[in-house]
Every structure is written in structure tokens, then in C-alpha cells.
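# Survey of secondary and tertiary structure
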Amino acid sequence: MNRCVTTMGRIALMTMTCVAVLLAAGCAKPSATQVAEGMVDSMAKGDFAAATKDFDATMKAAMSAERLGQTWSQLTAQAGAFKSRTGSRVAQEAGFQCIYVTCQFEKASLDIKVVIDGSGQVSGLWFVPTQSAK
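Residues numbered from 1 in each chain as written. Predicted model: local features only at pLDDT ≥ 70, side-chain atom pairs only at ≥ 80, totals over all residues. Heavy atoms only, no water.

## Focus on the overall build of the chain
For the chain, the helix and strand inventory stands at five helices and four strands. N-terminal to C-terminal, the α/β element order of the chain is α-α-α-α-α-β-β-β-β. Classification of the 134 residues of the chain by burial places 31% in the buried group. Counting contacts in the chain only where the partners sit at least 6 residues apart, residues at least 24 apart contribute 41% of the total. Just so you have it, the chain exposes about 8400 Å², and 58% of that area is on carbon and sulfur atoms. (Helix = DSSP H or I, 4+ residues; strand = E, 2+ residues; numbered from the N terminus. Buried < 20%, exposed > 50% of the residue type's maximum accessible area, 1.4 Å probe, protein only. Contact = heavy atoms within 4.5 Å. Areas by Shrake-Rupley, 256 points an atom, 1.4 Å probe, with all protein chains shown as cover.)

## Some remarks on the pattern of salt bridges
According to the stated counting rule, one finds six salt bridges in the structure shown. One salt bridge connects Glu106 with Lys83, and the closest N-O pair in it is separated by 3.9 Å. Within this pair, whereas Glu106 is found in the loop between strand E2 (96-105) and strand E3 (109-116), its partner Lys83 is found in strand E1 (residues 82-93), the two being separated by 23 residues in sequence. Summarising the burial analysis for this pair, Glu106 and Lys83 share the class exposed. With a shortest N-O distance of 3.0 Å, Glu93 and Lys113 are connected by a salt bridge. Of the two residues, Glu93 is situated in strand E1 and Lys113 in strand E3; the sequence distance between them amounts to 20 residues. Residue Glu93 is classed as partly exposed on the basis of its relative accessible area, which comes to 28%. In this structure Lys113 comes out as buried when scored by relative accessible area, which is 15%. A single network of salt bridges, built from pairs that share partners, joins Glu37, Asp41 and Arg85. (Salt bridge = Lys/Arg side-chain N within 4 Å of Asp/Glu carboxyl O.)

Spatial relationships are all this shows, so hold off on functional conclusions.
Put into C-alpha cells, the structure is as follows:
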């Protein structure tokens, strides 16, 4: 009987440990690349509210969800319809993480440069010609 209780106690402890690990993994902060790629995916779907959710205060003041939608419309008018994300790369610039998300549009390939600050928020956004990885 004692041995059975000890085994059940170990199983309960292992189960609680697994649950704690799974909960911690689910609460992990997304990487800068995940933030940038998620933002691009949201823009491609036309969900500009979701695309701006990680903007820092300066970006929120400079570019509302509505304005981002207008910018995206202008971009797709020139580059054609969004087709896919084809890759991404990370660069460190002036103490910030810059994620270049390479995207294929109907008429052109462009990099969407998303600048991420130290707290994981978007502090800059540019649409630039695609560059090869350095």
C-alpha cells in the first residue's frame, strides 16, 4: 500500500510539472521575428487592427490601423496583390532588432522592414526593395 501511494505521488508530481512547463511555454514572449511575420500576415489578410497591436506609443501616434490600411492599399496598387512571405532575416541596427520580411507581390519582391525595440514592440516600419542577406 505504501509503495502504491508513493508511486501515485510521483505520478501526480510529474503531471503537475508537465502542466507547469506547458503553461510557461504558452506564456512565452514571441520573438522579434514572430512579431514581424505576424504583423505582415495580418496586413496581408487586411486585419490592420491586429497588424498595429504591437506598435509602441510613437508608432500608434504616427500610424493608426486605418492609415496602415491606406498605406497597404497604395503599396498593393503599385506592387500588385500580396502573394506570400518568402523569408526573413534579422539585423541589429542602432540597438534595435530589424526584421526584414521578404514578400512576393504580383509585380515585385519587397522587404518589409519591421523595427523591434527592447520591449518587443514595433517602433518602425518601412517597405523597401529586397536586399540579399549579408
